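# Structural overview
Each chain is listed here by its residues.
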Amino acid sequence: MDTKIIKCQVGIIGAGLAGLASTLFCLNKGLDTLTVGDVSELGFASGCLDFYGADKKDLSVSSNSPWAGFESLVNSGLSHPYSFLSPSNIEASFDGFSSFMTSVGLPYCNEKDRNQLVITPAGTLKPSWYIPAGMKAADVAVTEKKKILILDINGLKGFSSAMIMENLKRYGLDVFSDSIKFPGRENSGELNCEMMARDLEMDNVIDAFAQNILEKAGDAEVIGLPAILGIYRSESLRKKIVNIIGRDIFEIPTFSPSVPGLRIKELAFDGLSRKGGKLFLKSHIDEIEQLNGKFVFRFQSGQRNCIVEAENIIMATGRFFGRGLKSENSRIVESLIGLYVSQPENRGNWFSDNFFDKCGHSINKAGVLTDSYFRPLNNAGSLFNENFYTVGSILGNQDWKREKSGAGIAISTAYSAVQSICMQASPFIDSEHKLSNVNKTAA
Amino acid sequence: MYTDVLIIGGGATGTGIVRDLSLRGISCILVEQNDINAGATGANHGLLHSGARYVAKDIEAARECHFENHLLKQMAPQCIEETGGLFVAVKGDDEKYIADFPVMCQTAGLPCEDISIDEAMALEPSLSKDIIAAYRVNDASIDPFKLSIDNLSDAVTHGAKILRHHEVTCFLKKGSIIYGVELFNHSNGKKVIVKASEVINATGAWADIVAARAGVGVDMLYSKGSLLVTSSRLNSMVINRLRQAADADILVPGGTVSIIGTTSVTLDSLDDIRPTSQEVDYVIAEGSVMVPELSTCRYIRAYSGVRPLVHNIGADGRTVSRNYSLIDHESDGIENFITITGGKLSTYRLMAEKTSDLVCKKLNNDSFCLTDKTPLPESDMGRWVEPGKSSKYWFMNKDSSDTLLCECEMVSKSMVDSIVDCIRVEGKNPDLKEIGLRSRVGKGPCQGFFCSFRIASHLYDTGVFVEDQGLSGIKDFIGERWKGLKPLVRQDELVQTDLQEAFLCGLLGL
């Protein structure tokens, strides 16, 4: 087996949203970057980029004004990762990421000061800051109270247009529901979203599919479908259907497999490679060493052993699902190098008795604590290393699932860490960076 | 409403009694405040004892278990898997107990075979390498859900009536003579009067509460036992620790899983019985001594049951006899009222027999018990409760349009539809909880997180759910399963919980 040594300025560990965002921002700054990832939670992502979607007082209530929630988080003294960031940082990070996605064929829509509403497979409304263009028509339909048709597909389980309709009606919307067949797979038994998305990239299938939709369209002003409109050409496929049926359509995110999440994964990977990034997916890192002021880690790519020497590390390894955090003997540990993890005193306190507790679970706030530059701290509050950064969902003092802040944490902390790396490299202070007091104790 | 005998309590004992009496031609009504097996019968090990566990301290119990074990295998084979059992000791266990064990078994009349360590390891590769002795006995695995449902079904075939969600609020008495009960129907808030010649209190751990409503005292000790269910089956035979009975001594295989337990925690009340993380950690630590894989394997559920123990002076939960208490309250000055409590699942039929004999005597009825001669028919109601049955049925039918809604336990659309029909026939509202009771939905590795959404979708498609019934149904169903998951989410389970919360809370906003 042959061995290759690769030197880079930034080694990024993790290829989920935070890892890919870190890669993008490094490449935008002209940094020589290598990214290695294994699990990637993106396969389950809805495609929506959440900044802050919960009510500032009651996490179970969704909020349409993200900035009010952000303000109260920052002022609460809870050392949320957002408290190290300025509003302009956050805007710049989302703008940078969404521009990139638009350039690779996945445009996003946003309105600066309000969340838009996405219709979920349960018929609930999800507020999100930047939403895929393919879902925009749902927000318009809900705010303008248009007549909506929801369609499900015979053979696709876990997606019921009746369920979505029944629950949407509670918001006072005029909705009806129906089912259509998927062309070419009428008798195939169970269907899944990824399979249908790939089929739809073929002209004859998309035309027949549009006809099936048209047959049921009736007097609907806008039509909702499960998110299956292709992987690489979703915008042109959607426009084609809209042309044929003469009205707008929107996608409804599904759970697993999630095609919108897959789109981000595949298009971002391609786009970042073309920008000069070196990305290795499905590769696992077991350890990182420090040698002569550099970080060294190894992984296998095909038949090759790769040894990487990086000047800086951005670790974006995720939480339990991404395997960035795990538990050992009822303690939560950081998997790769054993960084300090702030956490509840004992396992009995990890979770609330009520799964849907409006305050979330204490374990959700466990994670790695950092300074204002997103460099991890140990339990005494000292820096692990000047050139080592942690970003994304592995961070402590945030509950992304309940706050609806997952993408915001991933993208904006990645942006900030990259800025910090550039600042270290240059003697000039970047005036955009917000310096705040570091609170070393867990919430 | 009038009946010869009113039975209060829908666990193994109550359902056993209603079948016993119905076979004898006696009219019966069974009332249950919650649902079938809501008490200890729905929260035990699923173990059909050989009796060997009791040979040291309670030889009478050991003999009874042995006899019933043999009989039930003939009478209700559909509820039993004849796994056989092992008693194993590890380095450091009491050598004297090990040496006395075969002698004690022999005294009790139980078959007990001394086997070599190599043979034990060949039979059960999951055993620790540190075992120093092994004996083979006739333990087996029994499905308490199927058992109660089958008993109930046969009773109904013979004319019995069942009233679920009906709680006894007071006893109707003329002086000290009981002639019936007043019931509160939790489903519709209405009161129901039932008059009966004899009333049997078969309410297990609630026996003292119910007896108090009749004006009688029964001194009970509530002893909680918690058990853990593994994600996949680890053993083919029941594995017992060869020592004086203690905690986390038994690993029972059941269908597609294994169950390790148990603990013994004295409780003050029956409110909110749930397993704690300390109990979970303790059971895993103790159990791993016999079967090391228990410390690393994935668990899908923890649950607790309360043993109904009638108090003996100065006893802790474990030294109180597991033998049953059959009390004719004539001795307390109350007529037409009997309490049967205590005991264990393995001897339910015997307890039912003794109780039924006593009741018949009081009714001047000289009929005799038929449950030791009449096999228990397998009921339709109990069909989908058996692990693995759904998957065999689905595979045989080979209907690719009959989508699997619960992939862990292979429950398909058509099965859900037939269960919904059954529920309607019983006059109840179909919802996820009712479907869960009549099938294995939610009992597999995902514990309902994925399948609850799929099944709710299907129920909206078929018009069973309207408005937000499905969403509140999902929250209730998962809330229930969470009780059993919360204390054991600690290793690999964290990954799944993370994902499920992301879907339900992050995406759907539930």
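Residues numbered from 1 in each chain as written. Chains lettered and ligands numbered in written order. Predicted model: local features only at pLDDT ≥ 70, side-chain atom pairs only at ≥ 80, totals over all residues.

## Looking at the domain arrangement of chain B
Residues and elements named next belong to chain B. Annotation of chain B at the domain level lists domain 1 (2-40 + 145-219 + 322-362), domain 2 (79-141 + 221-310) and domain 3 (383-507). Tallying the contact residues gives 13 residues for domain 1 and nine residues for domain 2. Counting only elements with at least two residues in the side of domain 1 that touches domain 2, the list comes to helix H5 (144-157) and strand E20 (337-342). Its residues assigned to classes, the side of domain 1 that touches domain 2 shows six nonpolar, four polar and three charged. (Domains from an automatic or database assignment. Contact = placed C-beta atoms within 7 Å. Helix = DSSP H or I, 4+ residues; strand = E, 2+ residues; numbered from the N terminus. Nonpolar A, V, L, I, M, F, W, Y, C, P; charged D, E, K, R; others polar.)

## Considering the environment of B:Glu426
Residue and element names in this part refer to chain B. Here Glu426 is to be found in the loop between helix H10 (413-425) and helix H11 (432-437). A tally of 13 C-beta atoms within 10 Å means that Glu426 is categorised as partly exposed. In this structure, the C-alpha to C-alpha distance between Glu426 and Cys408, residues 18 residues apart in sequence, is 27 Å. (Buried ≥ 20, exposed ≤ 12 C-beta atoms within 10 Å, placed from the backbone.)

## Here's the deal with the sheet that holds strand E8 (residues 175-180) of chain A
Residue and element names in this part refer to chain A. The strand order across the open sheet formed by four strands is E8-E7-E9-E10, and the pairing between neighbours is parallel. Whereas interior strands pair on both sides, the edge strands pair on one side only; in this sheet they are E8 and strand E10 (248-252). Ignoring which end each strand starts from, the neighbouring axes of this sheet average 25 degrees apart. Note: strand E7 (residues 148-153) against strand E9 (residues 222-226), three bridges, orientation parallel. Looking across to E9, one finds that Ile150 is bridged to Gly224. (Pairing = 2+ DSSP bridges. Axes fitted to C-alpha atoms, helices over the stretch in contact; angles between N-to-C directions.)

## Digging into unusual backbone geometry
Most peptide bonds adopt trans geometry, and most residues besides glycine take a negative phi value. Looking along the chain, the bond that leaves B:Gly261 and enters B:Thr262 is cis, with omega of 5 degrees. Even without a glycine there, the phi angle at A:Arg323 is positive, about 75 degrees. When you line up the elements, A:Arg323 lands in the loop between strand E14 (304-315) and strand E15 (325-328). Note on A:Arg323: 17 C-beta atoms within 10 Å, which makes it partly exposed. Unusually for a residue other than glycine, B:His165 sits at a positive phi of about 60 degrees.

## Concerning the sheet that holds strand E3 (residues 47-48) of chain B
Sheet strands pair by backbone hydrogen bonding; their relative direction is either parallel or antiparallel. Residue and element names in this part refer to chain B. The three strands lie next to each other as E3-E8-E4, forming an open sheet whose pairing is antiparallel. Every interior strand has two partners, whereas the edge strands, E3 and strand E4 (80-81), have only one. One ladder, built from two bridges, connects E4 with strand E8 (residues 140-142); its direction is antiparallel. If you follow Ile80 over to E8, its bridge partner there is Ile142.

## Regarding the pairing of strand E13 (residues 294-301) of chain A
Residue and element names in this part refer to chain A. Across four bridges, strand E12 (residues 288-291) lies against E13 in antiparallel orientation. Across the sheet, Glu289 pairs through a bridge with Val296, a residue of E13. Here E12 folds back onto E13, and the loop between the two strands holds two residues, one of which, Asn292, carries a positive phi near 50 degrees. Judged from the seven bridges that link them, E13 and E14 form a sheet pairing that is antiparallel. Across the sheet, Phe297 pairs through a bridge with Val308, a residue of E14. Adjacent in sequence and paired antiparallel, E13 and E14 are bridged by two residues, among which Gly302 carries a positive phi angle near 60 degrees.

## Some details on the pairing of E14(A)
Within a regular strand, side chains alternate between the sheet's two faces. All names here are of chain A. The pairing of strand E1 (residues 2-13) with E14 spans eleven bridges and is parallel. In the strand pairing of E14, Val10 is matched with Asn312. Sheet topology note: the E14/strand E17 (residues 388-390) ladder contains three bridges and is parallel. Its bridge partner being in E17, Ile313 is matched across the sheet by Phe388.

## Here we look at the nonpolar core
Core analysis: the biggest nonpolar cluster contains 284 residues, and A:Ala21, A:Ala414 and B:Val88 have the highest contact counts within it. When residues in this core are grouped by element, the largest group, nine residues, is from helix H11 (residues 406-425) of chain A. If sequence neighbours within four positions are ignored, A:Ala21 has contacts with A:Phe97, A:Ala410, A:Ile411, A:Ala414 and A:Tyr415. (Core = buried A, V, L, I, M, F, W, Y, C linked by C-beta atoms within 7 Å.)

## Focus: the interface of chain A and chain B
Contacts between the two partners involve 36 residues from chain A and, on the opposite side, 40 residues from chain B. Elements that contribute at least two residues to the side of chain A that touches chain B include exactly helix H5 (161-168) and helix H10 (400-403) of chain A. Top element by residues in the side of chain A that touches chain B is H5(A). It accounts for four residues. Considering only residue class, the side of chain A that touches chain B consists of twelve nonpolar, 13 polar and eleven charged.

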